[in-house]
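# Summary of the model geometry
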Amino acid sequence: MVENKLAAARYSVQTPSGRIGYTEQGTGPAALFVHGVLLNGHLWRHQLEDLSDIRRCIAVDLLAHGDTEIAPDQDVSVTANAKMLQEFIDALNIDRVDLVGNDSGGGIAQIFAALYPERVRSLTLTDCDTHDNWPPEAFKPFLAMAAAGGLRGTLDAMLSDKSVYRSPQALGPAYEHPERVSNDSIETYLRPLVRSEQRTRDLERFLAAFDNRHTLAIEDRLKTLKAPTLIVWGTDDVYFDVKWSRWLADNIPGTRQLVELKGARIFFPEERWEEFNKQLRGHWQAAPQEVA
């Protein structure tokens, strides 16, 4: 059952937007996983491990995140990140992908799919920025803190005492069970953000660029997207109410299924990976199967 699985490995590739870090596992048609703010491709480790028997699973690190290296003047807006994804798959000689997005990565996935529909074999969106809900109300205090110059201190505090990361004042509300988030995962997510002053400044710029004009600008094209689309949403998300999943289902013509995970929160691809992977596997198996 698992004989075709290959161990996950880390790589990087040069693009016009910078040297992009990514993790890859498996063979077959390419699936591209896009994380959200403050995280990196580590979010998708369970998908890479479990689904690598049917897909070449690739988890990218966005601009200003993870192991991706960029110039100090590189545009890090969500639209710039969508354009980076196009450059990234070009650099890997990939024609089309099964695209999966979460959080701000789901907003970026919408922009990518709208701008480059011919590159999307299928689309899966989980709890994410949608329509004019960007940034979500519950995230605005974090943005205000960063704008006031407190980002580095906050990151340092979460790294020195991991319970701060898990607290209700920080990332705790993003998880059903924040107490189960390992110290190693917190290190993997946050340590790259403080590796240098520039990396922290890049994240500040990423946060400052949050603006729903990016999603509003592509809505006309999103409403013509025919790619088979799966929407999976946690019902207990303080950032992205379940109404946004229904908005997406109503506005993306290719939507095949809307699945609600009762009690799940935004980072359920990490916490409820078995349930989510079952949905992904079924979605992909129903979609076109050509190798990319």
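Calculation criteria
- Residues numbered from 1 in each chain as written.
- Predicted model: local features only at pLDDT ≥ 70, side-chain atom pairs only at ≥ 80, totals over all residues.
- Heavy atoms only, no water.
- Helix = DSSP H or I, 4+ residues; strand = E, 2+ residues; numbered from the N terminus.
- Rg over C-alpha atoms; globule rule 2.2 N^0.38 Å.
- Buried < 20%, exposed > 50% of the residue type's maximum accessible area, 1.4 Å probe, protein only.
- Core = buried A, V, L, I, M, F, W, Y, C linked by side-chain atoms within 4.5 Å.
- Polar contact = N/O pair within 3.5 Å; in protein donor to acceptor, adjacent residues only side chain to side chain.
- Contact = heavy atoms within 4.5 Å.
- Expected span 1.5 Å × (residues − 1).
- Arc of directions from axis to C-beta.
- Pairing = 2+ DSSP bridges.
- Axes fitted to C-alpha atoms, helices over the stretch in contact; angles between N-to-C directions.
- Phe/Tyr/Trp six-rings, centres within 6.5 Å; stacked < 30°, edge-to-face > 60°.
- Salt bridge = Lys/Arg side-chain N within 4 Å of Asp/Glu carboxyl O.

Across its full length, the chain holds 13 helices and eight strands. Taking 2.2 N^0.38 as the reference for a compact globule, 292 residues should give roughly 19 Å; the C-alpha atoms of the chain span a radius of gyration of 17 Å, in line with that estimate. Projected onto its principal axes, the C-alpha positions of the chain cover 50 × 35 × 35 Å. Going through the 292 residues of the chain one by one, you find that 58% of them count as buried.

The subject of this paragraph is the nonpolar core. Membership of the largest hydrophobic core comes to 96 residues, with the highest contact counts inside it found for Leu32, Phe33, Phe88 and Tyr165. Examining the composition of this core, we find that seven residues originate from one element, helix α2 (residues 78-91), more than from any other.

Of note, Glu24 is situated in strand β2 (residues 18-25). Side chain to side chain, Glu24 and Arg56 meet in a polar contact 2.8 Å long. Among residues more than four places away in sequence, those in contact with Glu24 are Ala7, Ala8, Ala9, Tyr11, Leu48, Arg56, Cys57 and Ile58.

What follows deals with the environment of Ala157. Its location among the elements puts Ala157 in helix α5 (residues 151-160). In this structure Ala157 comes out as partly exposed when scored by relative accessible area, which is 30%. Expressed as a C-alpha distance, the spacing of Ala157 and Gly66, which sit 91 residues apart in the sequence, is 19 Å.

Right, let's talk about the environment of Phe112 for a bit. Examined against the element boundaries, Phe112 turns out to sit in helix α3 (residues 104-115). On the accessibility criterion, Phe112 (0% relative accessible area) is buried. Sequence spacing of Phe112 and Val78 is 34 residues, and the spatial spacing of their C-alpha atoms is 9.6 Å. Not counting residues up to four positions away in its chain, the partners in contact with Phe112 are Ala82, Leu85, Gln86, Ile89, Leu99, Pro117, Arg119 and Val120.

Here helix α13 (residues 273-286) spans 20 Å end to end across 14 residues, near enough to the 20 Å set by a 1.5 Å rise per residue. Every buried residue of α13 is listed here: Phe276, Asn277, Leu280, His283 and Trp284. Seen along its axis, α13 keeps its buried residues to an arc of 125°; they face one direction. Looking at α13, the residues exposed on the side facing more than 90 degrees away from the buried face are Glu274, Lys278 and Gln285.

If you trace the eight strands from one edge of the open sheet to the other, you get β1-β2-β4-β3-β5-β6-β7-β8, paired in mixed fashion. Each edge of the open sheet is held by one strand with a lone partner, namely β1 (9-15) and β8 (255-261). This sheet shows a mean twist of 20° between the axes of neighbouring strands, independent of strand direction. Relative to strand β5 (residues 97-103), α3 is tilted by about 140°, and along the sheet it contacts β3 (30-34), β5 and β6 (120-128).

Right, let's get into the packing of aromatic side chains. Tallied over the entire structure, the rule returns 13 aromatic pairs. Between the aromatic rings of Tyr22 and Phe88, the centroid separation amounts to 5.1 Å while the plane-to-plane angle is 75°, which identifies the pairing as edge-to-face. Residue Tyr22 is found in strand β2, and its partner Phe88 is found in helix α2; the two are separated by 66 residues along the sequence. Residues Tyr22 and Phe88 agree in their burial class; the two are buried. Seen from their ring centres, Phe139 and Phe142 are 5.2 Å apart, and the 15° between their planes marks the pair as stacked. Just as Phe139 is buried, Phe142 falls in that class too.

In this model, Trp134 is joined to Pro135 through a cis peptide bond whose omega is 0°. A positive phi angle, close to 60°, is found at Asn93, a residue other than glycine. You can see Asn93 is positioned in the loop between α2 and β5. The exposure class of Asn93 is exposed, given its relative accessible area of 69%. The phi dihedral of Asp103 is positive, around 60°, even though this residue is not glycine. On the secondary structure map, Asp103 appears in strand β5.

For the rest of this paragraph, the subject is the pattern of salt bridges. Scanning the model with the defined rule gives 22 salt bridges in all. The partner of Arg272 in a salt bridge is Glu176, and the shortest N-O contact between them spans 2.8 Å. Within this pair, whereas Arg272 is found in the loop between α12 (268-271) and α13, its partner Glu176 is found in the loop between α6 (162-165) and α7 (183-190), the two being separated by 96 residues in sequence. Two residues, Glu197 and Arg201, come together in a salt bridge whose shortest N-O distance is 3.6 Å. Highlighted residues: Glu197 and Arg201, both in helix α8 (residues 197-208), separated by four residues, approximately one helical turn. On the basis of relative accessible area, Glu197 is assigned to the exposed category, the value being 60%. Look at Arg201 and you get partly exposed, because its relative accessible area is 42%. Three or more residues are tied together by salt bridges with common partners; here these are Arg10, Asp61, Asp67 and Arg195.

In short, the description is geometric, and any link to function would need to be established separately.
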